[in-house]
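Remarks on the overall topology
Read off the chains here:
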Amino acid sequence: MIHADYAIIGGTGVYDPALLTNAHEEQIETHYGMANCTIGEFKGKSIAFMPRHGKAHHVPPHQVNYKANIQALVDIGVKQVFATAAVGSMRQTLPPGALVIVDQFLDFTKNRPLTFFEDGEPVTHTDMTDPYCGRLRRHLSKTAQQLGIVAAPGGTYVCTEGPRFESPAEIRMFAQLGGDVVGMTSIPETVLAKERGLCYSTVAMVTNYCSGMTGAPLTHQEVLDEMAKNVHQIRTLFFEAIATLDTTVACACESASGAM
Ligand code: HPA
């Protein structure tokens, strides 16, 4: 039987095969399609590493099968999820390389699956008061401090549809609305995780200032280069957080949808 207690969702670099023992690749067939992950152990904890964009980073953010990915984690028994996301920053105080343990989102996606609760599933309105699990956020924040890693303990993630970057006018609007960072992947992943009762957290890594903020055009290569430069910090943070997480501390995520 395929099983893991923890999951890390992210791109290459976050996952280092050398950190896991007994690592093996799995394809998990779900009601919503296929998902890939590598499962192994770290300090006695079983961890599934899921590359959000597929093994070869070939799936663009608006075409990721978010439902299959989240359902696969549920089906193999995962309860705690640590996700990464590359983001642009709308704040001078969050320069490239900064980490943000996001605590809120603004959803500006346009054409993605919204929910598990359709097509015969009961009508359900899931609580989004604490979209990113507060217990995991606090633990990540504490762990980062102990490791000497600087990570903002909160921030609002604006999710756009992509795959294009934003116009400077959009960025000015998002900043006025209270957004701090902009990315293309947190929605619907966060929502689906909450609907299925998972404890789900995201550490966003700033790879660039948002469009219109520096006067220079923004390139995908710049995002990839900056991610590669700093991803080891997130990796260290996640593995230490998993090794030290006390899962007996009560958390409301499991009952957020009211449907469990
Ligand atoms: N905008 C949207 N998504 C991103 C960005 C950005 O500036 N940087 C990395 N992912």
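Residues numbered from 1 in each chain as written. Predicted model: local features only at pLDDT ≥ 70, side-chain atom pairs only at ≥ 80, totals over all residues. Heavy atoms only, no water.

1. Topic: the overall build of the chain
In terms of helices and strands, the chain carries five helices and 11 strands. Here the C-alpha atoms of the chain give a radius of gyration of 17 Å, agreeing with the 18 Å that 2.2 N^0.38 yields for 260 residues. Buried residues in the chain amount to 53% of all 260 residues. Of all intrachain contacts in the chain linking residues separated by at least 6 positions in sequence, the fraction that spans at least 24 positions is 81%. When the accessible surface of the chain is summed, it comes to about 11,700 Å², and 53% of that surface belongs to carbon and sulfur atoms. Taking the average location of the 19 positive side-chain charges in the chain and that of its 26 negative ones, the two points are 5 Å from each other. (Helix = DSSP H or I, 4+ residues; strand = E, 2+ residues; numbered from the N terminus. Rg over C-alpha atoms; globule rule 2.2 N^0.38 Å. Buried < 20%, exposed > 50% of the residue type's maximum accessible area, 1.4 Å probe, protein only. Contact = heavy atoms within 4.5 Å. Areas by Shrake-Rupley, 256 points an atom, 1.4 Å probe, with all protein chains shown as cover. Lys, Arg positive; Asp, Glu negative; His and termini not counted. Charge placed at Lys NZ, Arg CZ, Asp CG, Glu CD.)

2. Description of the pattern of salt bridges
Scanning the entire structure with this criterion turns up eight salt bridges. Arg164 serves as the salt-bridge partner of Glu170, at 2.9 Å between the closest nitrogen and oxygen. For Arg164, a relative accessible area of 45% corresponds to the partly exposed category. (Salt bridge = Lys/Arg side-chain N within 4 Å of Asp/Glu carboxyl O.)

3. Quick notes on the site of the ligand
Around the ligand, a shell composed of Ala86, Val87, Gly88, Phe165, Glu166, Val182, Gly183, Met184, Thr207, Asn208, Leu218 and Val223 is seen. The separation between a nitrogen atom of the ligand and a polar main-chain atom of Ala86 is 3.3 Å. Isolated, the ligand exposes 260 Å² of accessible area, and the fraction of that covered by the protein chains is 95%. At the level of secondary structure, the elements contributing two or more residues to the shell around the ligand comprise strand 5 (80-89), strand 10 (181-183) and strand 11 (199-209). Here the shell around the ligand takes three residues from strand 5, the largest share from any one element. (Near = heavy atom within 4 Å. Polar contact = N/O pair within 3.5 Å; in protein donor to acceptor, adjacent residues only side chain to side chain.)

4. Observations concerning the nonpolar core
With 40 residues, the main nonpolar core has Ile9, Ala48, Leu73, Val81, Val100, Tyr157 and Val181 as its most contacted residues. Elements with a minimum of two residues in this core: strand 1 (6-10), strand 3 (33-42), strand 4 (45-51), helix 1 (66-75), strand 5, strand 9 (156-160), helix 4 (186-195) and strand 11. Phe42, Cys133, Phe239 and Leu245 belong to the second largest nonpolar core, which has 30 residues in total. (Core = buried A, V, L, I, M, F, W, Y, C linked by side-chain atoms within 4.5 Å.)

5. What to know about the environment of Ala228
Here Ala228 is to be found in helix 5 (residues 220-244). Separated by 214 residues in sequence, Ala228 and Val14 have C-alpha atoms that sit 9.2 Å apart.

6. Let's talk about the environment of Gly77
Looking at the secondary structure, you find Gly77 in the loop between helix 1 and strand 5. On a C-alpha basis, the gap between Gly77 and Ala7 in space is 9.9 Å, while along the polypeptide they are 70 residues apart. Excluding residues that lie within four positions of it along the chain, Gly77 makes contacts with His3, Ala4 and Asp5.

7. Some points on the pairing of strand 9
The element strand 9 is largely enclosed, with a buried count of five among its five residues. Of the two faces of strand 9, the one holding Thr156, Val158 and Thr160 and the one holding Tyr157 and Cys159 are both buried throughout. Here strand 7 (residues 104-108) pairs with strand 9 via five bridges, running parallel. In the strand pairing of strand 9, Leu106 is matched with Val158. One ladder, built from three bridges, connects strand 9 with strand 10; its direction is parallel. Bridge pairing links Tyr157 to Val181 in strand 10. A crossover connection joins strand 9 to the parallel strand 10 through helix 3 (residues 168-176); in handedness this β-α-β unit is right-handed. (Pairing = 2+ DSSP bridges. Right-handed = clockwise from strand over helix to strand, strands pointing away.)

8. Thoughts on the layout of surface pockets
In this model, the second largest pocket occupies a volume close to 230 Å³. If you trace the second largest pocket, you find it lined by Asp5, Tyr6, Lys79, Gln80, Arg135, Gly197, Cys199, Thr247, Val249, Cys251 and Glu254. Looking at side-chain class alone, the lining of the second largest pocket contains four nonpolar, three polar and four charged residues. (1 Å grid on protein atoms, 1.4 Å probe; cavity = no way out; pocket = protein on both sides within 12 Å on 5 of 7 lines; lining within 4 Å. Points joined across faces, edges and corners; volume = space filled by probe spheres on them. Nonpolar A, V, L, I, M, F, W, Y, C, P; charged D, E, K, R; others polar.)

9. Re the pairing of strand 4
Taking burial as the measure, the seven residues of strand 4 include seven buried ones, the bulk of the element. Covered by surrounding structure in strand 4 are Lys45, Ile47, Phe49 and Pro51 together with Ser46, Ala48 and Met50, the residues of both alternating faces. In terms of strand pairing, strand 3 meets strand 4 through five bridges, oriented antiparallel. Bridge pairing links Glu41 to Ser46 in strand 4. Here strand 3 folds back onto strand 4 in antiparallel fashion, the turn holding two residues, of which Lys43 has a positive phi close to 45 degrees.

Worth remembering: the numbers are spatial, not functional.
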